[in-house]
Amino acid sequence: HISPAWPTMTTMTKSRSLHFCRWLCFILISVQVPAVFAQARDAEGHPVRDVIGAIAAHLLHGEEDKPPQRDVGIACMLLGSVAFVMLLFYVVNWPDDDIRLYAWTIISTTLSIFTAVLSFSGVRVLCDIWMPEEISHHFECARGYALFIVCFAVLQLEAKLMSGAYCVCCCPRDLEEETWVVADAMRADHGQAVQEKQVRTRSGHRSIAFIEGVEVFVEKRRLAMERTMMNLSAWSQLLAHFCGFAAIEAGGALQHMEWFASGPTTAFIAVVINQVSIGILFRLMDLFRMYTVTNETDERVVMLNEEIKEAENDIVSLASSFLMVQVFRFGFTGHMPNVEGHEEPYVPMGITAMSLLFVVGCVGLLSSVLISCLPEVSSRAQWLLEKFQNILGMIFAWSTLWSVSMFVRETETFTKILHTSLYPNERHLVAALFLSMCSLAVIRVLDIIQDMGASSPRILQSMINVFSVLIGLSWEICFEGGLTELAEETSNPNRMKLMFTVGAVAIVVPAWRMYVVKRVVDLKNKAKERMEAKRKIASGETPEAMQMLWLAPKTEEEMLLAEQTQDSAQKSYRSSGCAFQ
């Protein structure tokens, strides 16, 4: 049984609820109308409809919260990494063999610098763990030069063992042996040896082999020589970059001594002392190598001397250019950066100092190009010119890197766009992407100029080396900053950074040596073949190897297959793997 008063109570409750909702809507509208109407009255359309729609949208959705700064950093790193990976896909598959070679060279240099810096950071962490926290600049300088001498001695020993100039325990005995290998880049066994009985025609350098019932293109290559060159080049380049950063730390510690840190002039004297010390060590090692080598015309000794020469150029150019840029920054700002090139505490450079630093780098690059245009001179003078050319080019790389990084840090453009400030890793990522894209664009333009015959190969190669190091250094700063941030989140940063370093090096080095360096060596060999072919065409020489290939006698299998093909398709066939008619 329902009481008669129940409908009355229900009606009263509904009436009160309706009045409450009306008053609530009136209060909300009164609060929101001034702000919303100010936005909607200037917009095109019906003003009342726009105001009501804006009020409804505001009531339904409310104010949107800004994403946390950490989420912004993760988004920037994700988008930047994807953009850079896609950019690499474009350049490594570019329809130009030279661009592909330059792209793989840049990737190889980037990974080498990244691994060398990680390894050197791990060694520094060990030194910090074993040694007291507070050490003098004199002790730090002595430690830096001792570490550099040890690293350079390891480099010399590695080059001698890998090349086989002293013993053949780490390399093949016969480097002249030619082996048939798979020449199809789409197969998983590309570059692997093939049994000679599987090859159809063995008279030339290219042919077809039957592998698991499938016809596969093969070619004859000096596989032992290529593997020796790959191992020698990989380890020499890695240890050279390691020695370069060790020399940077030693020279930086020398610059931060009390007398050398008193002004830019005395800091420059420290650069000269560092360069002379390194040069004396190089000369002593050269004399020892010349004294212990009996046959300088041996192919292994030639490879050894070439790799040591390139390693010395990398060490000198990295260390001297970095220390020179430190002097320029000291002169432009009045503050000496620390050994790693950072200013602690940070002092804004200003647009004038950044512009001057970039102009200095451009002058160094122009001077490097002019030196590469000079004619050939004596061996000693050529050695000095190459050293100065590399140093001037690296001055451009370091100057551009620091000026762009400081500009990204001090500009307010990103703050206005994102309505928030960027973290250090985000700034490093933006600078690395910008420098990578600009460097690749400049390399592409220079390649077009060279294809037109308006540039020298020496100039292009010099520019490739400079921009490779520039891209490598920019991404190395990103990697090192990320590794440091991860380590700082743990309870023991030094130990965790050492673990991260060992893990990263263990993952990166084998893949870099087996795949990236191997691809660079293969592309360089193909480039030499193209240059030799162009030289023969330009000189009017007859390709005798092709004549011998076409005049070579056919095997029984080749004769039978040629008859079957002629009967079925009425086409003449030459099974050398080079041509079909």
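Because the structure is a prediction, the values reported are computed rather than measured.

This brings us to the overall build of the protein. Within the protein one finds 16 helices and three strands. Of all 581 residues assigned to the protein, the portion counted as buried reaches 41%. Long-range contacts, defined here as pairs at least 24 residues apart, represent 73% of the contacts in the protein between residues at least 6 apart.

Of note, the phi angle at Glu212 is positive, near 55°, even though the residue is not glycine. Residue placement: Glu212 occurs in the loop between strand 2 (206-211) and strand 3 (214-221).

Another aspect to go through is helix 7 (residues 264-292). In this model, helix 7 (29 residues) spans 43 Å end to end at C-alpha, consistent with the 42 Å of a helix rising 1.5 Å per residue. Taken residue by residue, helix 7 has Thr266, Ala267, Ala270, Val271, Asn274, Ile278, Leu281, Phe282, Asp286 and Arg289 as its buried positions. Packing partners of the buried residues in helix 7 comprise helix 5 (137-163), helix 6 (223-255) and helix 8 (299-333).

The next thing to look at is the pairing of strand 2. Two strands pair when backbone bridges link them, and strand 2 and strand 3 are joined in this way by six bridges, in the antiparallel orientation. The partner of Arg206 across the bridge, within strand 3, is Glu219. Two successive antiparallel strands, strand 2 and strand 3, enclose a turn made up of two residues, where Glu212 displays a positive phi of approximately 55°.

As a further point, take the state of the cysteines. Taken as a whole, this structure holds zero disulfides when the rule is applied. Looking at the unpaired Cys243, the closest cysteine sulfur is the one in Cys151, lying at 4.9 Å.

Going through the model one piece at a time under the given rule, you end up with 14 salt bridges. In this structure, Arg187 engages Asp189 in a salt bridge whose closest nitrogen and oxygen atoms are separated by 2.9 Å. Looking at Arg187, the relative accessible area reads 25%, which means it is partly exposed.

Here we come to the packing of aromatic side chains. Overall, the coordinates contain eight aromatic pairs when judged by the stated rule. Look at Phe322 and Trp398: their rings are 4.9 Å apart centre to centre, the planes differ by 75°, and that puts the pair in the edge-to-face class. Here Phe322, found in helix 8, pairs with Trp398, found in helix 10 (residues 379-410); they are 76 residues apart in sequence, far enough to count as distant. With a centroid separation of 5.9 Å and an interplanar angle of 80°, the aromatic rings of Phe396 and Phe467 are classed as edge-to-face.

A few words on the packing of helix 6 against helix 7. Remark: helix 6 packs on helix 7, axes separated minimally by 9 Å, with the N-to-C direction vectors making an angle of 140°. The orientation of helix 6 with respect to helix 7, classified from their angle, is oblique. For the pair helix 6 and helix 7, the sense of crossing is right-handed. For the pair formed by helix 6 and helix 7, the contact residues are Ala247, Gly251, Leu254 and Gln255 on the first element and Ala267, Ala270, Val271, Ile273, Asn274 and Ile278 on the second. A breakdown of the residues in the contact of helix 6 with helix 7 according to their chemical character gives seven nonpolar, three polar and no charged.

If you walk across this open sheet you meet the three strands as 1-3-2, and the pairing is antiparallel. Two strands in the sheet have a free side with no partner beyond their single neighbour: strand 1 (179-182) and strand 2. Adjacent strand axes in the sheet meet at a mean angle of 45°, parallel and antiparallel pairs treated alike. In this sheet, strand 3 lies alongside strand 1 in antiparallel orientation, the contact comprising four bridges. Opposite Val182, over in strand 3, you have Val218 as the bridge partner.

Glancing now at the side chain of Glu476. Summarising the element assignment, Glu476 is placed in helix 13 (residues 457-488). For Glu476, which is buried and forms no salt bridge, the nearest opposite charge comes from Lys497, at a distance of 8.9 Å. Other than its neighbours up to four places away in sequence, Glu476 contacts Ile113, Phe114 and Val117.

With that out of the way, let us pick up the nonpolar core. Grouped together as the largest cluster of nonpolar side chains are 94 residues, with contacts concentrated most on Phe148, Phe245, Ile315, Trp398 and Trp475. Here this core takes 13 residues from helix 13, the largest share from any one element. In contact with Phe245, not counting residues within four places along its chain, are Ile113, Ala116, Val117, Phe120 and Leu473.

Calculation notes
- Residues numbered from 1 in each chain as written.
- Predicted model: local features only at pLDDT ≥ 70, side-chain atom pairs only at ≥ 80, totals over all residues.
- Heavy atoms only, no water.
- Helix = DSSP H or I, 4+ residues; strand = E, 2+ residues; numbered from the N terminus.
- Buried < 20%, exposed > 50% of the residue type's maximum accessible area, 1.4 Å probe, protein only.
- Contact = heavy atoms within 4.5 Å.
- Expected span 1.5 Å × (residues − 1).
- Pairing = 2+ DSSP bridges.
- Disulfide = S-S within 2.5 Å.
- Salt bridge = Lys/Arg side-chain N within 4 Å of Asp/Glu carboxyl O.
- Phe/Tyr/Trp six-rings, centres within 6.5 Å; stacked < 30°, edge-to-face > 60°.
- Axes fitted to C-alpha atoms, helices over the stretch in contact; angles between N-to-C directions.
- Parallel < 35°, antiparallel > 145°, perpendicular 65-115°, else oblique.
- Left-handed = near helix turned anticlockwise from the far one by under 90°.
- Nonpolar A, V, L, I, M, F, W, Y, C, P; charged D, E, K, R; others polar.
- Lys, Arg positive; Asp, Glu negative; His and termini not counted.
- Core = buried A, V, L, I, M, F, W, Y, C linked by side-chain atoms within 4.5 Å.

Just distances and angles here, no functional claims.
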